[in-house]
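Understanding the architecture of this molecule
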Amino acid sequence: DYGVINNPAQALEYVEMAKLETQRLEMLINKALNTSLLEQGKISLQYERIDIAELTNEIIQSLKLRLQQNNTQINLFTEGSNFMIDIDRLHIQGVLLNIIDNSIKYCPPPVIIDIHIMAQDATVTVTISDNGPGIPDQYTEQIFEKFFRIPTGDKHNVQGYGLGLSYVKQVMQLHGGMVQQRNKAGGGSKFTLQFFRGR
């Protein structure tokens, strides 16, 4: 479909994207199981010192083909210099992917997602905001509950099981961090992830 058969360089780029996407799909397949195991305390996190800005950029690159297909643009901004934190790579990747995936699914195109990463002495904060409809105020706490989905009336065009944000909250809590959602004044949703150094 993309005429890359005669362009070796572009073909290699798509193969790399396919590899990253396969890893993402594997993570999604295991998400329901992981959520259950997290609740039972049967998952031990594998901490590594990781540059959260580099990890976020890797995720964006892995989604490149999907972003093109869904008319989505992701902008990454960083503030500060030390983005190294002790995290479980797989599960924090899952956290970021879940939030980005929701923006792609629920925002009408063209979708614009802004990711800001701010490094301070004691914390690293990641905010992910979009230009979508936002989340009704009465549901801002419930969205982190297992199996909860925002009522959409007769609209059934978005598939899901209400596990993604529950998983996000559990992983952030296990990391000693926090997650919250707020609607932007001009429209759209903003998720804030806060990591505390040394936890």
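Scope of this entry: the structure provided in the associated data block.

What counts and how
- Residues numbered from 1 in each chain as written.
- Predicted model: local features only at pLDDT ≥ 70, side-chain atom pairs only at ≥ 80, totals over all residues.
- Heavy atoms only, no water.
- Helix = DSSP H or I, 4+ residues; strand = E, 2+ residues; numbered from the N terminus.
- Expected span 1.5 Å × (residues − 1).
- Buried < 20%, exposed > 50% of the residue type's maximum accessible area, 1.4 Å probe, protein only.
- Polar contact = N/O pair within 3.5 Å; in protein donor to acceptor, adjacent residues only side chain to side chain.
- Core = buried A, V, L, I, M, F, W, Y, C linked by side-chain atoms within 4.5 Å.
- Contact = heavy atoms within 4.5 Å.
- Salt bridge = Lys/Arg side-chain N within 4 Å of Asp/Glu carboxyl O.
- Axes fitted to C-alpha atoms, helices over the stretch in contact; angles between N-to-C directions.
- Parallel < 35°, antiparallel > 145°, perpendicular 65-115°, else oblique.
- Left-handed = near helix turned anticlockwise from the far one by under 90°.
- Nonpolar A, V, L, I, M, F, W, Y, C, P; charged D, E, K, R; others polar.

**Observations regarding helix α5 (residues 89–106)**
Look at α5: 26 Å from first C-alpha to last across 18 residues, which is about the 26 Å you get at 1.5 Å a residue. Listing the buried residues of α5 in full gives H91, I92, G94, V95, L96, L97, N98, I99, I100, D101, S103 and I104. Where α5 starts, the residue carrying a side-chain oxygen 3.1 Å from the main-chain nitrogen of L90 turns out to be D88.

**Structural notes on the nonpolar core**
If you look at the biggest cluster of nonpolar residues, it comprises 40 residues, and the most contacted ones within it are I52, I92, I100, I115, V126 and L193. Of all elements in the fold, only α3 (52–62), β3 (84–88), α5, β4 (111–119), β5 (123–130), α6 (164–174) and β7 (189–196) reach the threshold of two or more residues within this core. Here the element with the most residues in this core is α5; it accounts for seven residues. Discounting residues that sit within four places of it in the chain, I92 has contacts with I52, L55, I87, V171, M172, H175 and F195.

**Quick look at the pattern of salt bridges**
If you walk through the whole model with that rule in mind, you get four salt bridges. Note that R66 and D101 form a salt bridge whose closest N and O atoms lie 2.6 Å from each other. Taken together, the residues span a long stretch of sequence, with R66 in helix α4 (residues 64–69) and D101 in helix α5 at a distance of 35 residues. By relative accessible area, R66 is classed as buried at 18%. Overlapping salt bridges bring together R66, D101 and K105 as one network.

**What about the packing of α3 against α5?**
Between α3 and α5, whose axes approach to 11 Å, the crossing angle comes to 55°. Our classification of the angle between α3 and α5 gives oblique. The handedness of the crossing between α3 and α5 is right-handed. For the pair α3 and α5, contact is made by I52, L55, T56, E58 and I59 and by R89, I92, Q93, L96, L97 and I100, respectively. Class assignment for the residues of the contact of α3 with α5 results in seven nonpolar, two polar and two charged.

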